[in-house]
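# Architecture at a glance
Residues per chain, in single letters:
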Amino acid sequence: MTSRLITPLIMAGGAGTRLWPLSRDSMPKQFIPLLDDGLSTFQATLTRVQGEGFDKPIIVTNNEFRFVVAEQMRAVGVSGDIVLEPERRDSAPAIAIGALLVARRDEKGLCLALAADHVIPDVEAFRRDCRSAAALAASGPIMTFGIVPTEPATGYGYIEPGAPLKAEGANAVARFVEKPSADIAKTYVEQGFLWNSGNFIFAADRMLAELETFVPEMLAAAGRALAGAVEDLDFLRLDAKAFAEATKVSIDYAVMEKTKYAGVLRASFGWSDVGSWDSLQAIRPQDGNGNVLEGPVVAIGTKGSLIRSDEVLTTVIGLEDAVVVATRDAVLVTTKARAAEVKGLVEQLKKEGRREATEHLRMYRPWGWYQRIDLGGRFQVKRINVKPGGLLSLQKHFHRAEHWVVVSGTAEVTLDGTVSYIHENESIYLPIGCTHRLANPGKIPLELIEVQVGSYTGEDDIVRIEDIYARS
């Protein structure tokens, strides 16, 4: 047992495109409530690393998600350091940043690198394994958590355990292997290989030394990005130019497949990376026919399928091992066997310029959210929800006028310097070019309908004059 606290490093910048259309660039799977308790997997990860033995977490995320991260942390009562990546550079640069920050606290400090989108139901077993792995990592090895396979899966990398280490269930890593074919996966399972969970615990000085050995230019770029970082509200914003020079590479390729210090602890907890729709189905409650049915769904003569709908009544007949996911603006139908191909589908949609590939109808902002209701050649209709105390930027538009109709709550509207209060079933007109701002001074959410009319209604027709969230 080590006396050093473990600093969780939670990597929360991924896009999660394999769970499209539920998960998209604008709101990826780690921030969506997928669990029975209503928490996102990011929030579940945060709460899993609280309490005895854990230090304040470091969260590395994309600039686009900064306010979602902060809001979800507040919702579960967790404080921590939020580091903003200017762009996605894979896991090795993120872990390098985390190791550098932990080393500032204690050069031999322990760091627990976790993905924000994994599901681990047995929290106490996870914490016990963290303590066991930490005791080993304090003496040198970079420990990863190996998952005992429940099937010969082809969607995970595998780890071959080597010589035993000084803890039950712990071994040196003989080798890491890539995602195998079905036949090879079956052989791996028979030979006692483990799934590679992609979660690690290590001493900061050990990881930094290995990064210096194998990817010194990447580490140097990460160091420059951190040295040039600036504080922005509650965030630490990495230097964009320096971070762009960091090699885009995973920690497996950068270090773990090369280092002689790799160790693996056979995990005692259940685990899923929720990497595709079939893996989500495996962890959700099922009916007597093996179906996962969520939302307004009716299934007849259907077996082993996942049928999910956000709002629209979705009905299926006679399906087997299928995936049907209906959102407000997109529907996915596939087989479980081909669910992993959704990522390629999303890439095709992006090439075709489909906004559904990346954007939800409901878009979250630091003040609340808006949802597109209708869109035409010279108009757009939105539903806007502003949380209590929420304040939008002072702004103006060059190409559109707006009409606001309050549905519930009270709106504080600033129009060309004049403040007025608009109540339920009242409206206000905002002409083209006026300077305006919306706020919710009340104790309940403010909801209104916005009708935009003009030659252009895109989101980039906004000139922000003043913004408390420091957006450009």
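The following paragraphs examine the structure supplied in this document. (Residues numbered from 1 in each chain as written. Predicted model: local features only at pLDDT ≥ 70, side-chain atom pairs only at ≥ 80, totals over all residues. Heavy atoms only, no water.)

## Notes on the environment of Gly376
Among the secondary structure elements, Gly376 is positioned in the loop between strand E19 (368-375) and strand E20 (379-386). Overall, Gly376 belongs to the partly exposed group, its relative accessible area being 25%. Once the C-alpha coordinates of Gly376 and Ala357 are considered, the two residues, 19 residues apart in sequence, prove to be 20 Å apart. (Helix = DSSP H or I, 4+ residues; strand = E, 2+ residues; numbered from the N terminus. Buried < 20%, exposed > 50% of the residue type's maximum accessible area, 1.4 Å probe, protein only.)

## Topic: the layout of surface pockets
Estimates place the volume of the second largest pocket at around 1,100 Å³. Every residue lining the second largest pocket is counted, 50 residues in all, and those nearest its centre are Met363, Arg365, Tyr370, Glu459 and Arg464. Where the lining of the second largest pocket is concerned, the elements lending two or more residues are helix H2 (66-75), strand E18 (362-365), E19, E20, strand E22 (400-408), strand E26 (436-439) and strand E27 (446-454). Top contributing element to the lining of the second largest pocket by residue count: E18, with four residues. (1 Å grid on protein atoms, 1.4 Å probe; cavity = no way out; pocket = protein on both sides within 12 Å on 5 of 7 lines; lining within 4 Å. Points joined across faces, edges and corners; volume = space filled by probe spheres on them.)

## As for the sheet that holds strand E14 (residues 306-309)
Here four strands make up an open sheet; going across it, the order is E12-E14-E16-E17 and the pairing mixed. Edge strands, defined here as strands with exactly one partner in the open sheet, are strand E12 (292-294) and strand E17 (331-335). Strand-to-strand, the axes of this sheet are offset by a mean angle of 5°, without reference to chain direction. (Pairing = 2+ DSSP bridges. Axes fitted to C-alpha atoms, helices over the stretch in contact; angles between N-to-C directions.)

## Points about a nonpolar patch on the surface
Together, Val298, Ile300, Leu313 and Ile317 give the surface a local cluster of nonpolar side chains, amounting to about 420 Å² of exposed area. Mapped onto the elements of the fold, Ile300 is located in strand E13 (residues 297-300). (Patch = residues over 30% accessible without salt bridge, like charges linked within 9 Å, V, L, I, M, F, W, Y side chains within 5 Å. Areas by Shrake-Rupley, 256 points an atom, 1.4 Å probe, with all protein chains shown as cover. Salt bridge = Lys/Arg side-chain N within 4 Å of Asp/Glu carboxyl O.)

## So, the packing of aromatic side chains
Per the stated rule, a full pass over the model turns up 12 aromatic pairs. Cluster of aromatic residues (ring-pair linked, three or more members): Phe31, Phe42 and Phe65. The residue whose ring lies beneath Arg206 is Tyr261, and the NZ or CZ to ring-centre distance is 3.6 Å. (Phe/Tyr/Trp six-rings, centres within 6.5 Å; stacked < 30°, edge-to-face > 60°. Lys NZ or Arg CZ within 6 Å of the ring centre and 35° of its normal.)

## Here's the deal with the packing of helix H6 (residues 204-214) against helix H7 (residues 216-227)
The geometry of H6 relative to H7 is characterised by a closest axis approach of 5 Å and an angle of 125° between their N-to-C directions. In terms of axis orientation, H6 runs oblique to H7. Mapping the contact onto sequence places Leu208, Leu211, Glu212, Thr213 and Phe214 in H6 and Pro216, Met218 and Leu219 in H7. Taken together, the residues of the contact of H6 with H7 sort by class into six nonpolar, one polar and one charged. (Parallel < 35°, antiparallel > 145°, perpendicular 65-115°, else oblique. Contact = heavy atoms within 4.5 Å. Nonpolar A, V, L, I, M, F, W, Y, C, P; charged D, E, K, R; others polar.)

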